Amino acid sequence: MNTTPFTPLSFPGKKNSGDSVVNGVDLSVNFAGIKAPNPFWLASAPPTDKAYNVVRAYEAGWGGVVWKTLGEEPPAVNVSSRYSAHYGKNREVIGFNNIELITDRSLAINLQEITQVKKDWPDRALIVSIMVPCNEEAWAYILPLVEATGADGIELNLGCPHGMPERGMGAAVGQNPDLIEKVTYWCKKHYSKPVIVKLTPNITDIRVGAQAALRGGADAVSLINTINSITSIDLDNMVAKPTVGHQSTHGGYCGSAVKPIAMNMVAEIARDPATPTLPISGIGGISTWRDAAEFIALGSGSVQVCTAAMLNGFRIVEEMKDGLSRWMAEKDYNSIEAFSRKAIPQTTDWKHLDINFKTIAKIDQDLCIECGRCYIACEDTSHQSIAKLTEQDGARRYEVIEEECVGCNLCQITCPVENCITMVPQETGQPFLAWDNDPRNPFRVAS
């Protein structure tokens, strides 16, 4: 390790943007013993690679940061180029792909900067992400060095899907429950502060990884890490993007496109009887205060953001804090804990849903712009339950055929006008009936 004498870093113009009370609402969190003025943290990634970035994030008002993953010496070597994207209309970035590895800066420099930043910003959460070879000696060496920085905790990067698994690290560990448990145990043995295990989504059942982390003594888990992906192909040169010379490789997919996958995995852990109280830091496509609120409602005690910050800059946290606090005040939630896991009791397996529940679509004719998208979608691909009518003046009119409507929501989803199509629950006169007990179920459980 480099033993060059430490030179204190200077951060002029430091601002105090860390007030926990916003719009009269307390946004502070105590996540697995780690305190922060708000639940918005930057995830371990390029935005948290060095002190300069982290300080800018704190000045903008982020409640915490997970420092980009540290490794053993010599540092990792990265390639160029590193990013690609999956675009929607008007070049909106729907998904983001990267093939960057862990930090390519020396361990000594990272440790020095972490020490100084934590000293200068004691009220903010500072977590250090770590990935070293899967042997106890490697972890036993690096953990005391990290603990000496004064950082609040560590996050074990057991999910990186590219570059590092070939070396027996990252997802190669995160896809093996025995190794998850073993590495977590080593960390709890050689480190005295909170240990967060970052889980890979590139696995069949996310609950298995969470259970293994808990057995190893984890204080919390964070998820999801990025998903294996190829975002696009350059059809002129027949190579995927990002292109390195004349080649490419799969990378880690993130951004708004992965949010539904991430929320499901968070919910699976939160409602698992084996991990009902395990703290969860939610990651995956969080771009707005509403995204954060949804993750918290499904069990997250803090949320981590990366892609949205990379695309829009650090100041997006201002809107996140403002929006979340206003919504909490409106709903009379006086703390993050007040609505954390609130959606879990209503999240269940398909077999427990009410077979007798019925809802049908209703079209508001005053809002309808007569585009016909609902009709085409239903007629071509669904249940032919929307009638196309022509008025005397030639105007088109679309009406739901109620007896044919199964309440699938497709028309509502395709409609470009908000609230033009609503789903209206119907009174069926039938009692609640889950598939477990439905007479049509050949494997039903006897009442």
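Calculation criteria
- All residue numbers refer to position in the chain's written sequence, counted from 1.
- A pLDDT threshold of at least 70 governs which residues receive local features in this predicted model, and a stricter bar of 80 or more applies before side-chain atom pairs are shown or counted, although totals over entire chains, interfaces and linings include all residues.
- Neither water nor hydrogens contribute to the side-chain values; these are computed over all heavy atoms in the structure.
- Helix numbering and strand numbering both begin at the N terminus, where a helix is a DSSP run of H or I of at least 4 residues and a strand a DSSP run of E of at least 2.
- Partly exposed residues are those whose accessible area sits between 20% and 50% of the maximum for their type, while under 20% is buried and over 50% is exposed, using a 1.4 Å probe and protein chains only.
- Charged-residue counts in this description rest on Lys and Arg as positive and Asp and Glu as negative, His and the chain ends being excluded.
- One atom stands in for each charge, and that atom is NZ of Lys, CZ of Arg, CG of Asp or CD of Glu.
- Two N or O atoms form a polar contact when they lie within 3.5 Å of each other; inside protein one atom must be a possible hydrogen donor and the other a possible acceptor, and for residues adjacent in sequence the pair counts only when both atoms belong to side chains.
- Criterion for a salt bridge: a side-chain nitrogen of Lys or Arg within 4 Å of a carboxyl oxygen of Asp or Glu.
- Two aromatic rings, drawn from Phe, Tyr or Trp (for Trp, its six-membered ring), form a pair once their centres lie within 6.5 Å of each other, and the interplanar angle then sorts them: stacked below 30 degrees, edge-to-face above 60, tilted otherwise.
- Counting as a charge over the ring demands two things of the Lys NZ or Arg CZ atom: a distance within 6 Å of the ring centre and an angle within 35 degrees of the ring normal.

Colleague: Requested: an account of the overall build of the protein chain, with residues and values cited.
Modeller: Per the secondary structure count, the protein chain includes 12 helices and 22 strands. The principal-axis extents of the C-alpha atoms in the protein chain amount to approximately 85 × 60 × 50 Å. Counting only residues that meet the buried cut, the protein chain has 49% of its 447 residues in that class. Of the charged side chains in the protein chain, 40 are positive and 51 negative; the average position of the first set lies 4 Å away from that of the second.

Colleague: How would you explain the side chain of N157 if you had to name every residue and give the values?
Modeller: By the element assignment, N157 lies in strand β10 (residues 153–157). For N157, a relative accessible area of 8% corresponds to the buried category. Of the polar contacts made by the side chain of N157, one reaches the side chain of N225; its length is 3.4 Å.

Colleague: Mind laying out the pattern of salt bridges, listing which residues take part and the relevant values?
Modeller: Within the structure shown, the criterion is met by 20 salt bridges. E113 is paired through a salt bridge with R105; the nearest N and O atoms lie 2.7 Å apart. You'll find E113 and R105 in the same group, each marked buried. R124 serves as the salt-bridge partner of D123, at 3.0 Å between the closest nitrogen and oxygen.

Colleague: Residue-level account of the packing of aromatic side chains, with values.
Modeller: Evaluated as defined, the whole model comprises nine aromatic pairs. Between F31 and W41 the ring centres are 5.7 Å apart and the planes differ by 90 degrees, which places this aromatic pair in the edge-to-face class. Residue F31 is located in strand β3 (residues 29–31), and its partner W41 is located in strand β5 (residues 40–42); the two are separated by 10 residues in the primary sequence. With a relative accessible area of 3%, F31 lands in the buried category. Each residue in the set W289, W327, Y333 and F339 is aromatic and connected to the rest through ring pairs, giving one cluster. Cation over ring: R91 sits above Y87, and NZ or CZ is 4.3 Å from the ring centre.

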